[in-house]
Amino acid sequence: MTKVIKRRVCPHALSNRLFWLCAVTYVMALFGRLSYSSVMVALIADGSMNKAQAGLIGTALFVVYGVCQIFSGLVGDKISPKKMVFIGLIGSGLLNLLMGITGQYAVMLVLWSLNGIFQSMLWSPVARIFAEQMPPDERKKACSNVAVTYPLATVLTYLLATVMLSVWNWRSVFILSAIMILAVGVYWLYRMTWFEQQIAENGEIETINLQPQSGKNREGLMHLMLVSGILLAAFASMTHGMLRDGIQTWLPSLMTDNFRFGTSASVALDIIVPLFNIFGVVFTKALAKRWIDNELKGAAGFFAVTIVALALLGFVCDSSALVSLLLLTVASTCMVGANIMLINLIPVHFGVIGRSSSVTGIMNCSAYIGSALSSFGIGAVAQSFGWSSAIWVWVLFSLGAWITAMAGSGMWGRYERRLDNNMA
């Protein structure tokens, strides 16, 4: 027997404002995650730590963030997104402030690990808002558009770092980031409370018809991962995180080591990649609208291009700065496309069965396991064997991601149709 569920969603007249509140809040929240990587090359240059030590701090955040994503995703399906985001913002803001005050390596390692806990409370509840509170016909658009927040936040954070490293020091980047995050946290609580009242009083009614196989019993999470192909998609998500954050984190060091770029110049150069990533969001949206009807096949396509770009980079990374930057930009932009497929679009389908936050947590956890591996592992490989060897590690993982994405695409296509059939 079909189970009918009715719930209130944001009125169309207010949906754009709700989107912008979530998007701007998430951009500001990302300052609290990207602040360290934006000054890492300066910390290495002034002798505060070596590459392996610097990478370990970044790894600590990624590991804690990734592990906590599972917990945050599960909890995020049960408690108010407003409260989760507020706690995450306040906690991350305070820890960034402390990072700017301290200068001791061991203390920074502990603080940045704790930051991973609070940062993990941000994306899953935002994804749940898009999957459950936005009008049904605007959900995919919101999830695609919000992908611009990560490269935009990266550009803004690295611009801030470039200016502050020139006129002051790395501490100022953490302190200014903290001030902005804390201010946004207070505004988020106030404004989201207003939206909740509007939805409760004037929200449009959404009707969901759960088919017998969905409505009879709530699927176990592990079973869901197996039959939907999410388990295979998780490896692709891990590799996408390894490349997305790895390229952004290590590009300044690669340019400094191989081509003798200065510290400020290397950080400024790192802004070029996310600028192109913003155009990657627009390109991916257009591509997906016309050509991509299976997100895992789409992700596989982006990994295929990435394999070619990184393989070429392995041969030229110590001989041509311009070509190296171009190939890294291509690979990074392809990971924007993979991010939209894996992190933004796949989880939104699960909103009809109340699993959007959980699936978001799983995919994001996988991505940040990859980020952790890249942050510490790539730094260690580059320090011991050189940048060419580190790049070939990326190539091998990209090949594995392409294989698993293609292998899971059939299962995901069938499961996606089943979920979409639940919509009235």
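Remember, it's a predicted structure, so these values are computed and weren't measured experimentally.

Draft legend 1. Representation of the overall build of the protein chain in the model. On a plain count of helices and strands, the protein chain comes out with 17 helices and two strands. Put simply, the protein chain has 424 residues, and 59% of those count as buried. A separation threshold of at least 6 residues defines the contact pool for the protein chain, and within that pool the share at least 24 residues apart is 87%. Approximately 16200 Å² of the protein chain is accessible, and the part contributed by carbon and sulfur atoms is 69%. Counting 28 positive and 18 negative side-chain charges, the protein chain places the centres of these two groups 5 Å from one another.

Draft legend 2. Here's a closer look at the environment of Ala321. Relative to the assigned elements, Ala321 resides in helix α15 (residues 321–348). The spacing of Ala321 and Met255 is 66 residues in sequence and 7.2 Å in space, taken between C-alpha atoms. When near neighbours in sequence (up to four residues on either side) are disregarded, Ala321 contacts Met255, Phe259 and Phe261.

Draft legend 3. View of the nonpolar core. Counting 123 residues, the largest nonpolar core has Tyr36, Phe130, Leu342, Phe350 and Trp394 as the members making the most contacts within it. Ignoring sequence-local partners within four residues, the contact set of Tyr36 consists of Leu43, Met49, Ala54, Ile57, Gly58, Met99, Trp112 and Phe174.

Draft legend 4. Here's a closer look at a nonpolar patch on the surface. On the surface, a cluster of nonpolar side chains totalling about 350 Å² of accessible area is made up of Leu94, Leu97, Leu98 and Ile101. Relative to the helices and strands, Ile101 is located in helix α3 (residues 81–101).

Draft legend 5. Fine view of the packing of aromatic side chains. Summed over the entire model, instances satisfying the criterion amount to 15 aromatic pairs. Judged by centre distance (5.6 Å) and plane angle (75°), the ring pair of Phe19 and Trp20 falls under edge-to-face. You can call Trp20 exposed: its relative accessible area is 55%. An aromatic cluster of at least three residues, connected via ring pairs, comprises Tyr36, Trp112, Trp170 and Phe174.

Draft legend 6. Representation of the environment of Ile340 in the model. You can see Ile340 is positioned in helix α15. Taking the C-alpha atoms as reference points, Ile340 and Ala299, 41 residues apart in sequence, are found 8.6 Å from one another. Those residues in contact with Ile340, other than ones at most four positions away along the chain, are Ser144, Ala147, Val281, Thr284 and Leu345.

Draft legend 7. Region of the structure containing the environment of Met238. Looking at the secondary structure, you find Met238 in helix α11 (residues 230–259). Note: C-alpha distance between Met238 and Phe397 (159 residues apart in sequence) is 9.2 Å. Not counting the four nearest positions on each side in its chain, Met238 is found in contact with Ser366, Ala367, Ile369, Gly370, Leu373 and Phe397.

Draft legend 8. Looking closely at the side chain of Thr306. Structurally, the position occupied by Thr306 is in helix α14 (residues 295–316). When its relative accessible area of 0% is taken as the criterion, Thr306 is described as buried. Setting aside anything within four residues of it in sequence, one finds Thr306 in contact with Leu243, Ala331, Cys334, Met335 and Ser398.

Draft legend 9. A look at the side chain of Thr25. Secondary-structure assignment places Thr25 in helix α1 (residues 12–45). Not counting the four nearest positions on each side in its chain, Thr25 is found in contact with Val85, Leu89, Val184 and Trp188.

Draft legend 10. Examining the pattern of salt bridges more closely. Under the definition given, this model contains three salt bridges. Its salt-bridge partner being Lys82, residue Glu196 comes within 3.2 Å of it at the nearest N-O pair. On the criterion of sequence distance, the pair formed by Glu196 in helix α8 (residues 170–202) and Lys82 in helix α3 is long-range, its members being 114 residues apart. Of the residues examined, Glu196 reaches a relative accessible area of 28% and is grouped as partly exposed.

Draft legend 11. Structural view of the packing of α15 against helix α16 (residues 356–385). Running from N to C, α15 and α16 cross one another at 165°; their axes reach a closest spacing of 9 Å. Comparing the axis directions of α15 and α16 gives the class roughly antiparallel. Judged by the sense of rotation from one axis to the other, the crossing of α15 with α16 is right-handed. From α15, Leu342, Ile343 and Pro347 reach across to α16, where they touch Ser356, Val359, Thr360, Met363, Asn364 and Ala367. Residue composition of the contact of α15 with α16, by class: six nonpolar, three polar and no charged.

Draft legend 12. A look at helix α4 (residues 105–119). Here α4 is 15 residues long and its end C-alpha atoms lie 21 Å apart, about the 21 Å a rise of 1.5 Å per residue gives. Met108, Leu111, Trp112, Ser113, Asn115, Gly116 and Gln119 are the residues of α4 that are buried. Contact partners of the buried residues in α4: α1, α2 (51–76), α3 and α8.

How each quantity is defined
Residues numbered from 1 in each chain as written. Predicted model: local features only at pLDDT ≥ 70, side-chain atom pairs only at ≥ 80, totals over all residues. Heavy atoms only, no water. Helix = DSSP H or I, 4+ residues; strand = E, 2+ residues; numbered from the N terminus. Buried < 20%, exposed > 50% of the residue type's maximum accessible area, 1.4 Å probe, protein only. Contact = heavy atoms within 4.5 Å. Areas by Shrake-Rupley, 256 points an atom, 1.4 Å probe, with all protein chains shown as cover. Lys, Arg positive; Asp, Glu negative; His and termini not counted. Charge placed at Lys NZ, Arg CZ, Asp CG, Glu CD. Core = buried A, V, L, I, M, F, W, Y, C linked by side-chain atoms within 4.5 Å. Patch = residues over 30% accessible without salt bridge, like charges linked within 9 Å, V, L, I, M, F, W, Y side chains within 5 Å. Salt bridge = Lys/Arg side-chain N within 4 Å of Asp/Glu carboxyl O. Phe/Tyr/Trp six-rings, centres within 6.5 Å; stacked < 30°, edge-to-face > 60°. Axes fitted to C-alpha atoms, helices over the stretch in contact; angles between N-to-C directions. Parallel < 35°, antiparallel > 145°, perpendicular 65-115°, else oblique. Left-handed = near helix turned anticlockwise from the far one by under 90°. Nonpolar A, V, L, I, M, F, W, Y, C, P; charged D, E, K, R; others polar. Expected span 1.5 Å × (residues − 1).

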